[in-house]
Amino acid sequence: ENPIEFLDKPQIKRKLPSVLTETEIEALLKYVRRSPKKDESLSKKSKRIKIKCLIEVLYSTGVRISELVNLKLNDIDSKKRMLRILGKGQKERNVYFTSKVAKSLDEWIDLISDSSIFLFPSHSVLGHITRDSVNKILADIASDLGLDRKKLSPHKLRHAFATHLLQKGADIRVIQELLGHSNISTTEIYTHILDSETLKSVNEN
């Protein structure tokens, strides 16, 4: 299918998700990786390290929010820098993370109680952090960075992960596998996002 023809279809054009730019992602990562204040309390330190780990895992792996909150410590293979994910339909897949993320994970795991089985434990009935808690964290960060709250969400970070991989030349089948899409057509939306951005750039010039 011709990408230009695809973009001329208004009903499909509206479905294209907005994606965080690499510059916006860099600003986000710089924000969560910022140096601690000299008078940082233990609780603030724990919260800062937790948020940094959470954001880095979301963006570097493209996992769904449901997959993130359910991550268990025994799903992490630090040596292979890999997470074992139980996705939709109970399908298992492996996703990978960078050395920076590995460092963030180690830093956060050192602060978790030995009795916890979850990567992000909480006192909720489920025993792990909730979707609402993650959305609240992202909403607060969006406010601090001056971003539209709708633009920074777990799903938007998933979109950014896939789109930026594609921009760097990753094979769409690899991206499909990493995202846990059962159908390649679901993953192909990211090629249309890039087509849309390219067309927009051409029109602006």
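For the structure itself, look to the data block above.
Conventions we followed
- Residues numbered from 1 in each chain as written.
- Predicted model: local features only at pLDDT ≥ 70, side-chain atom pairs only at ≥ 80, totals over all residues.
- Heavy atoms only, no water.
- Pairing = 2+ DSSP bridges.
- Helix = DSSP H or I, 4+ residues; strand = E, 2+ residues; numbered from the N terminus.
- Phe/Tyr/Trp six-rings, centres within 6.5 Å; stacked < 30°, edge-to-face > 60°.
- Buried < 20%, exposed > 50% of the residue type's maximum accessible area, 1.4 Å probe, protein only.
- Lys NZ or Arg CZ within 6 Å of the ring centre and 35° of its normal.
- Salt bridge = Lys/Arg side-chain N within 4 Å of Asp/Glu carboxyl O.
- Core = buried A, V, L, I, M, F, W, Y, C linked by side-chain atoms within 4.5 Å.
- Arc of directions from axis to C-beta.
- Polar contact = N/O pair within 3.5 Å; in protein donor to acceptor, adjacent residues only side chain to side chain.

A few words on the sheet that holds strand β1 (residues 76–77). Strand pairing within a sheet occurs via backbone hydrogen bonds; the two strands may be parallel or antiparallel. Within the open sheet, the three strands sit side by side as β1-β2-β3. Their pairing is antiparallel. The two strands at the open ends of the sheet, each matched to only one other strand, are β1 and β3 (92–96).

It is worth spelling out the packing of aromatic side chains at this point. For the structure on display, the rule yields one aromatic pair. Seen in terms of ring centroids, W108 and F120 are 6.2 Å apart; in terms of plane orientation they differ by 20°. Their pairing is stacked. In this pair, W108 sits in helix α6 (residues 99–109) while F120 sits in the loop between α6 and α7 (131–145), placing the two residues twelve residues apart along the sequence. Relative accessible area serves as the criterion here: at 6%, W108 is assigned to the buried category. The cationic tip of R34 hangs over the ring face of Y31; the distance from NZ or CZ to the ring centre is 4.3 Å.

Attention shifts here to the pattern of salt bridges. Enumeration over the complete set of coordinates arrives at nine salt bridges. The salt bridge involving E67 is made with R64; its shortest N-O contact spans 2.6 Å. One network of salt bridges, with partners in common, ties together R64, E67 and R93.

A few words on the nonpolar core. If you look at the biggest cluster of nonpolar residues, it comprises 42 residues, and the most contacted ones within it are L54, I55, L68, V134, I141, L152 and L157. Residue assignment for this core shows that the elements contributing at least two residues are α3 (22–32), α4 (42–61), α5 (65–69), β2 (82–86), α6, α7 and α8 (154–167). With eight residues, the top contributor of residues to this core is α4. F161, A162, L178 and Y190 belong to the second-largest nonpolar core, a separate cluster that totals seven residues.

Now for α3. For α3, the full list of buried residues reads E24, I25, L28, L29, Y31 and V32. Looking down the long axis of α3, one finds its buried residues gathered within 155° of arc, a one-sided arrangement. Along α3, the residues that are exposed and aim more than 90 degrees away from the buried face are T23, E26 and K30.

Attention now goes to helix α9 (residues 172–179). Along α9, the positions that sit buried rather than exposed are I175, Q176, L178 and L179. Relative to the axis of α9, the buried residues are bounded by an arc of 165° and lie together on one face. Looking at α9, the residues exposed on the side facing more than 90 degrees away from the buried face are R173 and E177. Between the side-chain oxygen at the start of α9 and the backbone nitrogen of R173 there is a gap of 2.7 Å, and the oxygen is on D171. Looking at the residues trailing α9, positive phi occurs at G180, about 80°.

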